[in-house]
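Spelled out from the first residue to the last, the chains are:
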Amino acid sequence: MKKTTSLCIGPVSKNCVDAVLEVTDELNVPIMLVLSRNQIETEKLGHGYVNNWTTEEFSKYISSKDSKQNIILARDHGGPWQNDTEKKQKISYKEAIDNAKKSFISDIDSGFEIFHIDPTIDLFSELSIDEKVNRACELCKFCNDEAKIRNQKAQFEISLWEDGASEDNNIHIDSSITKISDFFKRNSIETPLFFAIPTGNKVVNSENIGSMGTITGDSEIYSKLSKTIQTCKKFNVKTKVHGTDYLPDESLQWFPKLGIDAANIAPELGTIETKTLLDILDMHKLYELQKEFLDISYSSKKWTKWISNDHVLNKNELSVLAGHYIFPSDEFKNLKNKIQNNLEEDIDNILMKSIKDNILRYLKNFNILS
């Protein structure tokens, strides 16, 4: 039996969500939707940027569309200061942890099955590994207790390093998982489902600058990851890789070979949808509307999250990085109506096809599809 790697998608737009729903329905394959607190957030704390959905609204939408129940709902990067608003306001740890718990409670009430506990951010101090372990354990126990009250089951993914961390951090994994496992046993919590392993993967300037982009069977990164995966297996914990976007097919094919259990993608789907929109406008010579879109996107400054300090991207390239963030805005909706009036085919069908094609790329390379 071929080894496989499960695909986990961070929804970056409504079309992205609908594309995932169509793929899982048409091919009858499971896909995990992993929702960051910026993408989808509880009504108690506002909402996310994806279609302006709250957690509660999003869950109802998925339930109404997922006829074959192939969608697994999971929280991605749940924890203190994992919502950009909290960082901007520089709220205290107490308020940040309270918000994280409110967000988790909404997730549990909305039928989420997996909770990524990410305690890696602290605005006021540099945390030791032990402090991160303690914070992760506290949040896992909180979610587990809340799920039990509701006669539900909570499964966990744990991170101890921010996305993009070097694989050299692996030296701490054995002792960290030992401490977490001991805590889980003492508190009657099921063994963590996933451990997010550091690989060096990092999405910058619409590319992946990590060493997995050039992985081979005799490379140093292959050797380090093999050891990490074996350590996790020793504890019966599955491995998860973040920041898989933009890796070439040859690199993605190493995921199942290595025994990586799951991998996340998100921003790549946003840039694909945006580039497809720009191609449509170019193909139909709608240059004024294209310029209007690029101006709106660039002015949002949402591209700042993804660029390096020494980037040489021009205005149009920066606009591509920010495009999916402005899709829910009234400005874009008005622009989209103008674009649609110049097309015969439904614009969302075209955009969704481009997203679906890329999802299929991952499913094939991860051996989900033959």
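Going by the structure above, here's the rest.
Residues numbered from 1 in each chain as written. Predicted model: local features only at pLDDT ≥ 70, side-chain atom pairs only at ≥ 80, totals over all residues. Heavy atoms only, no water.

Student: I'd love a proper account of the pattern of salt bridges, names of residues and values included.
Tutor: Overall, the coordinates contain 25 salt bridges when judged by the stated rule. Note that R37 and E86 form a salt bridge whose closest N and O atoms lie 2.7 Å from each other. In this pair, R37 sits in the loop between β2 (31-35) and α2 (55-65) while E86 sits in helix α3 (residues 84-89), placing the two residues 49 residues apart along the sequence. The class of R37 is buried, set by a relative accessible area of 1%. Using a relative accessible area of 4% as the deciding quantity, one classes E86 as buried. Taken together, the salt bridges that share partners define one network made up of E22, E26 and K356. (Salt bridge = Lys/Arg side-chain N within 4 Å of Asp/Glu carboxyl O. Helix = DSSP H or I, 4+ residues; strand = E, 2+ residues; numbered from the N terminus. Buried < 20%, exposed > 50% of the residue type's maximum accessible area, 1.4 Å probe, protein only.)

Student: I'd like a description of the layout of surface pockets, backed by residues and values.
Tutor: If a probe as big as a water molecule is rolled over the atoms, it shows which places are left empty. There is about 820 Å³ of room inside the largest pocket. Around the largest pocket, the lining comprises 36 residues; the ones closest to its centre are D76, H77, D163, K305 and W306. Where the lining of the largest pocket is concerned, the elements lending two or more residues are β3 (71-78), α3, β7 (203-204) and β10 (262-265). By residue class, the composition of the lining of the largest pocket is 13 nonpolar, 14 polar and nine charged. The space that makes up the second largest pocket amounts to roughly 540 Å³. Lining the second largest pocket are 20 residues, with N38, Y49, D84, K88 and K302 positioned closest to its centre. Counting residues per element, the lining of the second largest pocket draws most heavily on α3, which supplies four residues. Considered class by class, the residues forming the lining of the second largest pocket number four nonpolar, nine polar and seven charged. (1 Å grid on protein atoms, 1.4 Å probe; cavity = no way out; pocket = protein on both sides within 12 Å on 5 of 7 lines; lining within 4 Å. Points joined across faces, edges and corners; volume = space filled by probe spheres on them. Nonpolar A, V, L, I, M, F, W, Y, C, P; charged D, E, K, R; others polar.)

Student: Please set out the nonpolar core residue by residue, giving values where relevant.
Tutor: In this structure, I9, F195 and I359 are the most contacted members of the largest nonpolar core, which totals 83 residues. Looking at which element gives the most residues to this core, the answer is helix α5 (residues 129-149), with nine residues. Those residues in contact with I9, other than ones at most four positions away along the chain, are C16, V20, I31, M32, L33, V34, I265, L269 and I359. Core analysis: the next-biggest nonpolar cluster, separate from the first, contains 18 residues, L281, F293, I326 and F332 among them. (Core = buried A, V, L, I, M, F, W, Y, C linked by side-chain atoms within 4.5 Å. Contact = heavy atoms within 4.5 Å.)

Coordinates in, geometry out; function isn't part of it.
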